[in-house]
Amino acid sequence: MRSSTKKRRDPMALFAVLQTTFLLALLPLRTYQSEVLSEPLPLTPESLNVSINSTKQCLHLQWTVHNPDYHQEFKMVFQIQISRFKASNVIWLENYSTTVKRNQVLHWSWESELPLECAIHFVRMRTMVDDARIPAPRLWSNWSSWEKADAQNSLGDHPLYVFPKDKLVEEGSNVTVCYISRNHQDNISCYLEDVLIYGRQLDQNVWAFEFKNVSFIRKTGTNFYCKGQGDPEGVVLLVSKVLEEPRDFSCETQDLKTLTCTWDPGNDTGLIQLPSYTLFESFSGKKTLCKHRNRCDWQVTQDSQEMYNFTLVAENYFRKRSVSILFNLIHGVHPMAPYSLFPKSVSATNATVTWKVYSIGSSSALLCQLQLLGEGKVIQQHNISVRVNGEYLLSELKPDTEYMARVRCAYADHFWKWSELISQNFTTAEAAPSEAPDVWRDVTFVSGHPTVTLFWKPLSKVHANGKILFYNVVVENLDEPSSLKVLSVPAPANSTKVTLNQSSYQIYVTAHNSVGPSPASAVAISGHPGNENVEEGRMNGTEDGFPMSWKPQSRNATGYVVEWCDSPQHLPCVLRWKNLGPTNTDTVISSGAFRPGVRYNFRIYEISTKRMAHLLEKKAGYLKELAPSYNPKVNMSNLTSHSFTLSWKDYPTESQTGFIQGYYVYLKSKTGEKCHRGFEKTFLTDNSVCCKYTIDNPDQKTFVVKDLQPESAYEFLVTPYTSAGEGPLDDFRKVTTPDEYSHILIHIILPMVFFVFVIMIICYLKSQWLKDKCYPDIPDPYKSSVLSLIKFKENPHITIMNVNDCVPDAIEVVNKPEGSKMQFVGTRKSPTETKGTKPAYLDLLPTEKNYSGPGPCICFENFTYNQAASDLGYCGHFPVTPQAPHCQLGPLTSPENLLKTLEQNYMNSLGEIPAGEANLNYVSQLASPMSGDRESPPTNPPEPALCSEYKMQMAIPLGLASPARSENSSLSSTALLDPREHCH
Amino acid sequence: MRAQRMQRTLLSLVLRLLLLCTVATGKCSGKYHELLLQLQRQADLMQDPSTLLDPYIRLQGLHSPVLQEHCRERPGDFPSEDALWRLSRQDFLQTLNTTLGLILRMLSALQQDLPEPTNAEMNVRGFGNNIHCMAQLLSGSSDPKAAEPTQPGPGPTPLPPTPPSSTFQRKLRNCGFLRGYHRFMRTAGQVLRGWGERQGRSRRHSPCRALKRGARRTRPFPEVRRLAPRGQPPR
């Protein structure tokens, strides 16, 4: 600009002197023209400097505009271009208008969404004068050169970087995170709160992740981290919740010296860094930084400022919120709570309370409200104007009652708000009980003497007027007026027992507390029992209780009393009573103790003028009848084939859950026969068919079930029923009717068995006699009574059989163990010794299975002769030589030899053995297993075997019997006759 | 879980009351076994990760397996287990005392990063008081000043770890520190239990013998004082 002025002066050199004056005159105008009218030149920005603020992720531009010709400030526009990664990649273009002064250093900042560390940025700008004083056209200057902003230069050689570090963002905003990996081979995985995420590659080694609408997770921030081969790298996104506008902003003062403004700050922003709260007052222009997030104190100045215009500003990194109020100091007085509230001079009905208040100003008064509470309810309320000390007399109080006095105060000049309450409890003094105790009595006569149990109800708190300490009972004998008996019963007893004689008495009961006695309650007792024979009536209870009415007996009744037991099922009875006036002839007795299904008995007394009670009526009832809870225990008797009897006489009807109206007898038959007469068919809950008989008389407790079938099974059940229903149908008992003739059999068989048993006993006792009579050991044919009988028969030729006349076929000799001892020449054995000895042959007899002999040996035993021998242990014994071979018995098989032997034996027996002790067994043998000719004579004289006897004939295989050849051994004859062992 | 926490709290309260009693009266218990048992119990209480590490991990969101893998004690933060076992009793107590000072400063810095006011700091202080008493008992002196440490401890540098530049790295660093803290207290408890067992087997380490040997002196939480440089062979 300076060079263009010189060009215009040079052609005018000759006229320089002449024109000097003219030019000097024109100079001011010229100067003005050059400033206003000269053509503007574009101004290029100079000293453009670009810096990076990593904390705020901002590019900071700083430059100057050098214009020596313009001394005044004027408007300019700066067009700024920002490129990323390379200059040609322009990502931002912005015109920045400002007023520029000469040599002014200009600043401009740009916040990058992408962390600046992750990309190289280039910046350039150009300018244009945009001032109205500069005529158009307005031209842009040339672009400045590109300035490079590279934050990566400052990074170290760590293989992995994640940016931005510790980014503070507001909830709901968008955030871009990037990482730079120096190792291209490294496989980088990135996580946002443990969730693997994938980003967008911006450059060869730069990846970006864009998170939109980020949300608050925790105060300590949201973790984003990437991991390659080495340690993880990450950033913490500190997400702040949106700062809310303070609510309920208000101010008040307690003492007109300090203002306290409070507000609700709303939800916490969730960051450790809390928002700041500042209180501005526009009239005074003062402000204060609040120490709390919901309260701020403001000192009232001494210049009597009454009006305040407060503005509360809440501010955090992202937002600024403000609320304002216009506040009149006088209208916002909230006094402090009064203090030192005390009751004084407390009597039974009055109390004076005092308290103090904090003064407000020098002349202001407070309006205090005194409340009196009893049992949690406000019963009195008084307003008192107080400057410093408050006092008030509370009256109409009840004795021995706890009260609470409460006081609160407000600014009297302009009521706005009550102060906090303070309270104090106190209890009024006691007074004598104001009412006589309610007394009733229970009279029982023992040996003609009345024993009176007095009951009284505790006085209500209203009437007790203090703690009842004891009760005085004064017994006055009306027949002996001078006789007084005083009893003191300590509280809380509510009864006492007094034994009287047969006089009439008046009993007075008073309750005493620490102040004095109550009025007396009087009860009169007659020395004789009254009329107790009053018929009991029934009644039904309702939800309200038991309504009842009665008929007065006398016109001079002073009242009536209804008494009952609250829990009659539990002993002892808790006696209750209700006093009624003389005009009452009905009432409803209600009690919280009444329960459904319980029978309550009421007695109504009439009170005479002499306080004597006469029983008027008895009533029983249920609040609500229930079905019987259990069935009677039924006793079954008289069971016959056609009937049985049921009885349940022990079932108490009075203690049931309802009035028992009767009983149902259920009968179930297995055969499903038809119901008998009087029964009706019914269905049980399990749909089974049953016959039911109804007994409608509750006093009938027996029932005969008739017309049953013999030998039939039945089930029966007896259950009572009330108006509410019947008892449980779950305990049927079974019964089976007996056979029709069984009793007859019993009547016959039992005597017969008894008779046989008697006969057996007799036979046993007379066995010896019978034996001697009927079957002696050796019967003497000639002495036999049978013979005498026969002789009278028609066959007179019958004689006694002679032994010689009988030729036996064979004889079997049975060995006995004691054979050696039973020889004819040997000693005799007593019957007792031989009684238990069995014939040895029985043990030696082989079974047929083991038989291997040539043929059976069949023997027949003649019991007529054998029995006695067996019994006595004797048998036909022959002397036995142990060494003698058994084959020597062979001749015995010859009939002649046998006869001889027998004869000899018999004769010897007669000669050597006493009669009756010898025996002889005859055995008939049909077939002999022995080989050889039976007719052949014996080669040797017969020698007796070992103890032998004739026993039952049996088929015995030969060859199996091999008795031991000992002296004591006994061999059966079959063994002796074995030809293989003994004959060969 | 809640019951366990309550149980721990109660135990901690009892321990602290015992400790406060000791501190308040200004007297140390002269009963060696009682003091040793108390130290063992305190070490057991403080080694429990649920008292500090677990809440920290939960609060900072470091529960992912990737981060858990890198939440590990750094070498040099705390004396190694081998080193602790090789120390004499006096040196062990001194090392413990010095390390507790470091722990206290770290815990103080961590307070705002923990979910709720923990008793960890009080526990550490109480533990330090008992260490002081034990040192006194072993030295046979009732003068608290007589417990001045004179011998450096082994290995670790008791300076607090340099705080990392970024919040994320600081989280991991603190996590590793807390893990090391619990590990250190566990090892300390084992060593203390070893004292009890050895005491049962042999009376070689009785307080009387320790008195004869001469004692090294320990004061709870001395001024930050550098122990022996790393690599110094433990005594």
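Within each chain, residue numbers correspond to sequence positions counted from 1 in written order. Chains carry letters from A onward and ligands carry numbers from 1 onward, assigned in written order. Given that the model is predicted, a residue must reach a pLDDT of at least 70 before its local features are reported, and side-chain atom pairs must reach 80 or more before they are shown or counted; all residues, however, enter totals for whole chains, interfaces and linings. Only hydrogens and water are removed before side-chain values are computed, so all heavy atoms of the structure are retained for them.

- Named according to an unreviewed UniProt entry, chain B is Oncostatin M originating from Bos mutus grunniens.
- Quoted verbatim from the Subcellular location (unreviewed entry) field of UniProt, the annotation for chain B is "Secreted". UniProt positions are given in the numbering used here, feature names are shortened, and annotations may be inferred rather than shown by experiment.

- Under an unreviewed UniProt entry, the name given to chain A is Oncostatin-M-specific receptor subunit beta, and the organism recorded is Bos mutus grunniens.
- Looking at the Subcellular location (unreviewed entry) heading of the UniProt record, one finds this comment for chain A: "Membrane".
- Among the UniProt annotations of chain A, the heading Subunit (unreviewed entry) holds the following wording: "Heterodimer composed of OSMR and IL6ST (type II OSM receptor). Heterodimer with IL31RA to form the IL31 receptor."

1. Some points on the interface of chain B and chain A
Link 1 in the chain: Here, residues are in contact when the closest pair of their heavy atoms is within 4.5 Å. Listed by partner, the interface residues are 19 residues for chain B and 18 residues for chain A.
Link 2 in the chain: With both chains or domains summed, chain B and chain A bury close to 1400 Å², and 55% of this area falls on carbon and sulfur atoms.
Link 3 in the chain: Two parts lose some accessible area (1.4 Å probe) when they are put together, and adding that loss for both gives the buried area. The largest share of the area that chain B buries against chain A comes from B:Val66, B:His70 and B:Phe168, three residues that together contribute 33% of it.
Link 4 in the chain: The salt bridge definition used is simple: a Lys or Arg side-chain nitrogen within 4 Å of an Asp or Glu carboxyl oxygen. Along the contact surface separating chain B from chain A lie one salt bridge.
Link 5 in the chain: Taking the shortest distance from any N to any O, the salt bridge between A:Asp231 and B:Arg72 comes out at 3.5 Å.
Link 6 in the chain: The set of elements that each furnish at least two residues to the side of chain B that touches chain A consists of helix 3 (53–60), helix 4 (65–70) and helix 8 (167–201) of chain B.
Link 7 in the chain: Starting at the N terminus, helices and strands are each numbered in turn, a helix being any DSSP run of H or I of at least four residues and a strand any DSSP run of E of at least two. The element best represented in the side of chain B that touches chain A is helix 8 of chain B, accounting for five residues.
Link 8 in the chain: For this scheme, ten residues count as nonpolar: Ala, Val, Leu, Ile, Met, Phe, Trp, Tyr, Cys and Pro. Four count as charged, namely Asp, Glu, Lys and Arg, and the remainder, Gly too, count as polar. Of the residues belonging to the side of chain B that touches chain A, the class tally is six nonpolar, 10 polar and three charged.

2. Details of the confidence of the model for chain A
Residue and element names in this part refer to chain A.
Link 1 in the chain: Within chain A, residue pLDDT values average 77, and 74% of them lie at 70 or more.
Link 2 in the chain: Across residues 1–38, where pLDDT falls below 50, the model places 10 contacts with residues more than four positions away in sequence or in other chains.
Link 3 in the chain: Each residue gets a pLDDT score, which is the predictor's confidence in that residue and runs from 0 to 100. Here residues 817–984 scores under 50 on pLDDT; set against residues more than four positions off or in separate chains, the count is 304 contacts.

3. Quick word on the sheet that holds strand 27 (residues 377–386) of chain A
Strand pairing in a sheet relies on backbone hydrogen bonds, with the paired strands running either antiparallel or parallel.
Residues and elements named next belong to chain A.
Link 1 in the chain: One open sheet accounts for four strands, arranged 27-26-29-30; its pairing is antiparallel. Each having just a single partner strand, strand 27 and strand 30 (422–427) make up the two edges of the open sheet. Pairs of neighbouring strands in the sheet enclose a mean axial angle of 20°, with direction left out of account.
Link 2 in the chain: In this structure, strand 29 (residues 402–411) lies alongside strand 30, joined through six bridges in antiparallel fashion. In the sheet register, Val407 faces strand 30, and the bridge partner there is Ile422. We treat two strands as partners when DSSP finds at least two bridges between them. Comment: axis = line fitted to C-alpha atoms, over the contacting stretch for helices; angle = value between 0 and 180 degrees taken between N-to-C directions.

4. Describing the confidence of the model for chain B
Residue and element names in this part refer to chain B.
Link 1 in the chain: Here chain B averages 73 in pLDDT, while 61% of its residues score no lower than 70.
Link 2 in the chain: Overall, residues 142–158 carries pLDDT values under 50, and its contacts beyond four positions in sequence, including any with other chains, amount to 59 contacts.
Link 3 in the chain: Within the model, pLDDT remains below 50 along residues 222–235, and this stretch shows 36 contacts once partners closer than five positions in the same chain are excluded.

5. Focus: the environment of B:His70
Link 1 in the chain: Looking at where B:His70 falls in the secondary structure, it is placed in helix 4.
Link 2 in the chain: Along the primary structure B:His70 and B:Leu172 are separated by 102 residues, whereas in three dimensions their C-alpha atoms are 7.1 Å apart.
Link 3 in the chain: Beyond its immediate chain neighbours, meaning those up to four positions away, B:His70 contacts A:Lys227, A:Gly230, A:Asp231, A:Pro232 and B:Leu172.

6. A closer look at helix 2 (residues 32–46) of chain B
Link 1 in the chain: The length a helix should cover is 1.5 Å for every residue beyond the first. For helix 2 of chain B, which comprises 15 residues, the first-to-last C-alpha distance of 21 Å matches the rise-based estimate of 21 Å (1.5 Å per residue) to within 8%.
Link 2 in the chain: Looking at helix 2 of chain B, one finds that the buried residues are B:Tyr32, B:Leu35, B:Leu36, B:Gln38, B:Leu39, B:Gln40, B:Gln42, B:Ala43, B:Leu45 and B:Met46. Three exposure classes are used, based on accessible area relative to the maximum for each residue type with a 1.4 Å probe and protein chains only: buried under 20%, partly exposed in between, and exposed over 50%.

7. Details of the state of the cysteines
Chemically, a disulfide is nothing more than a covalent bond linking the sulfur atoms of two cysteines.
Residues and elements named next belong to chain A.
Link 1 in the chain: In this description, a disulfide is simply a cysteine sulfur pair whose atoms lie within 2.5 Å. Applying the stated criterion across every chain yields a total of nine disulfides over all chains.
Link 2 in the chain: Note on cysteine connectivity: Cys190 is disulfide-linked to Cys226, with sulfurs 2.0 Å apart. The S-S bond linking Cys190 to Cys226 shows a torsion near 105°; that makes this disulfide right-handed. Here Cys190 is found in strand 11 (residues 189–192), whereas its partner Cys226 is found in strand 15 (residues 222–227), with 36 residues between them in sequence.

8. What to know about the environment of A:Lys551
Residue and element names in this part refer to chain A.
Link 1 in the chain: With respect to the helices and strands, Lys551 occurs in the loop between strand 39 (546–549) and strand 40 (559–565).
Link 2 in the chain: The exposure class assigned to Lys551 is exposed, which follows from its relative accessible area of 68%.
Link 3 in the chain: Considered as a pair, Lys551 and Glu606 are 55 residues apart in the sequence and their alpha carbons are 9.9 Å apart.
Link 4 in the chain: Residues in contact with Lys551, not counting those within four places in the same chain, are Leu616 and Glu617.

9. Notes on the UniProt feature "transmembrane region" (unreviewed entry) in chain A
Link 1 in the chain: With numbering matched to this structure, UniProt assigns "transmembrane region" (unreviewed entry) to residues 744–765 of chain A.
Link 2 in the chain: Helix makes up 100% of residues 744–765 of chain A and strand makes up 0%, while its end C-alpha atoms are separated by 32 Å.

10. Quick notes on the packing of aromatic side chains
All names here are of chain A.
Link 1 in the chain: Each pair of aromatic rings taken from Phe, Tyr and Trp, with Trp reduced to its six-membered ring, is defined by centres within 6.5 Å and is described as stacked if the planes are under 30 degrees apart, edge-to-face if over 60, and tilted in the remaining cases. The tally for this structure, following the rule as stated, stands at 42 aromatic pairs over all chains.
Link 2 in the chain: Geometrically, the ring pair formed by Trp456 and Tyr471 is tilted, given 4.9 Å between the ring centres and 40° between the ring planes. With Trp456 in strand 32 (residues 449–456) and Tyr471 in strand 33 (residues 470–477), this pair connects stretches of sequence that are 15 residues apart. One exposure class covers both Trp456 and Tyr471, and it is buried.
Link 3 in the chain: Aromatic ring contacts, followed pair by pair, group Phe546, Trp564, Phe594, Tyr600 and Phe602 into a single cluster.
Link 4 in the chain: In this structure, Lys241 packs its charged tip against the face of Phe216, placed 4.7 Å from the ring centre.
Link 5 in the chain: It is Lys692 that lies over the ring of Tyr664; its NZ or CZ is 4.0 Å from the centre. Cation placement over rings: the criterion is NZ of Lys or CZ of Arg within 6 Å of the ring centroid and within 35° of the ring normal.

11. As for the packing of helix 2 of chain B against helix 7 (residues 120–139) of chain B
All names here are of chain B.
Link 1 in the chain: Relative orientation of the contacting elements helix 2 and helix 7 amounts to 150°, with a least axis distance of 10 Å. Between helix 2 and helix 7, the interaxial angle falls into the category roughly antiparallel. Crossing geometry of helix 2 relative to helix 7 is assigned as left-handed. In contact with Tyr32, Leu35, Leu36, Gln38, Leu39, Gln42, Ala43, Leu45 and Met46 of helix 2, helix 7 contributes Asn123, Val124, Gly126, Phe127, Asn130, Ile131, Cys133, Met134, Leu137 and Leu138.
Link 2 in the chain: For the contact of helix 2 with helix 7, a count of residues per class yields 14 nonpolar, five polar and no charged. Angle categories: roughly parallel below 35 degrees, roughly antiparallel above 145, roughly perpendicular from 65 to 115, and oblique for all the rest. In a left-handed crossing the near helix is turned counterclockwise from the far helix by less than a right angle, and in a right-handed crossing that turn is clockwise.

12. Overview of the packing of helix 6 (residues 89–110) of chain B against helix 7 of chain B
In a packed pair of helices, the relevant descriptors are the angle between the two axes and the axis-to-axis distance.
All names here are of chain B.
Link 1 in the chain: Axis separation between helix 6 and helix 7 bottoms out at 10 Å; the angle between their running directions is 160°. With respect to helix 7, the element helix 6 is oriented roughly antiparallel. The two elements helix 6 and helix 7 cross, and the hand of that crossing is left-handed. The segment helix 6 lies against helix 7, with Arg89, Gln90, Leu93, Leu96, Asn97, Leu100, Ile103, Leu104, Leu107 and Ser108 engaging Ala120, Glu121, Val124, Arg125, Phe127, Gly128, Ile131, Met134, Ala135, Leu138 and Ser139.
Link 2 in the chain: Residue composition of the contact of helix 6 with helix 7, grouped by class: 13 nonpolar, five polar and three charged.

13. Looking at the sheet that holds strand 22 (residues 307–315) of chain A
All names here are of chain A.
Link 1 in the chain: A sheet is described by the order of its strands in space; here four strands give the open sequence 20-19-22-23, paired in antiparallel fashion. On the outer flanks of this sheet lie strand 20 (286–289) and strand 23 (320–328), each paired with one strand and no other. Across the sheet, the mean angle separating the axes of adjacent strands is 20° when strand polarity is ignored.
Link 2 in the chain: Summarising the sheet, strand 19 (residues 276–281) and strand 20 pair through four bridges and their orientation is antiparallel. Along strand 20, the bridge assignment pairs Thr278 with Leu289.

14. Some remarks on the nonpolar core
Link 1 in the chain: What is meant by a nonpolar core is a set of buried Ala, Val, Leu, Ile, Met, Phe, Trp, Tyr and Cys residues, joined one to another through side-chain atoms within 4.5 Å. Residues B:Phe92, B:Ile103, B:Phe127, B:Met134 and B:Trp195 are the most contacted members of the largest nonpolar core, which totals 54 residues.
Link 2 in the chain: Of all the elements in the fold, those that place two or more residues in this core are strand 16 (233–240) of chain A together with helix 2, helix 3, helix 4, helix 6, helix 7 and helix 8 of chain B.
Link 3 in the chain: Here this core gets 12 residues from one element, more than from any other, and that element is helix 8 of chain B.
Link 4 in the chain: Contacts of B:Trp195, omitting those with residues within four sequence positions, involve B:Tyr32, B:Leu36, B:Arg89, B:Phe92, B:Leu93, B:Met134 and B:Leu138.

15. A closer look at the pairing of strand 3 (residues 74–84) of chain A
All names here are of chain A.
Link 1 in the chain: The buried fraction of strand 3 is high, at 10 of 11 residues.
Link 2 in the chain: Relative to strand 4 (residues 90–100), strand 3 runs antiparallel, the two being bridged by 10 bridges. Within strand 4, the position partnered with Met76 by the bridge is Thr98.
Link 3 in the chain: Between strand 3 and the antiparallel strand that follows it, strand 4, lie five residues; Phe85 among them carries a positive phi value of about 70°.

16. Overview of a nonpolar patch on the surface
Link 1 in the chain: What makes a patch is a set of residues exposed beyond 30% relative accessible area and free of salt bridges, joined within 9 Å when like-charged and within 5 Å when nonpolar (Val, Leu, Ile, Met, Phe, Trp, Tyr). The method behind every accessible area is Shrake-Rupley, applied with a 1.4 Å probe, and residues are considered shielded solely by the protein chains displayed. Where nonpolar side chains cluster on the molecular surface, the patch consists of A:Tyr741, A:Ile744, A:Leu745, A:Ile748, A:Ile749, A:Met752 and A:Val753 and spans about 680 Å² of accessible area.
Link 2 in the chain: Mapping A:Met752 onto the fold places it in helix 4 (residues 742–765).

17. Section: the pattern of salt bridges
All names here are of chain A.
Link 1 in the chain: A full pass over the atoms with the stated rule returns 21 salt bridges over all chains.
Link 2 in the chain: Here Arg247 makes a salt bridge to Asp264, at a shortest N to O gap of 3.3 Å. With a gap of 17 residues between them, Arg247 in strand 17 (residues 247–253) and Asp264 in strand 18 (residues 258–264) connect regions that are remote in the sequence.
Link 3 in the chain: With a relative accessible area of 28%, Asp264 lands in the partly exposed category.

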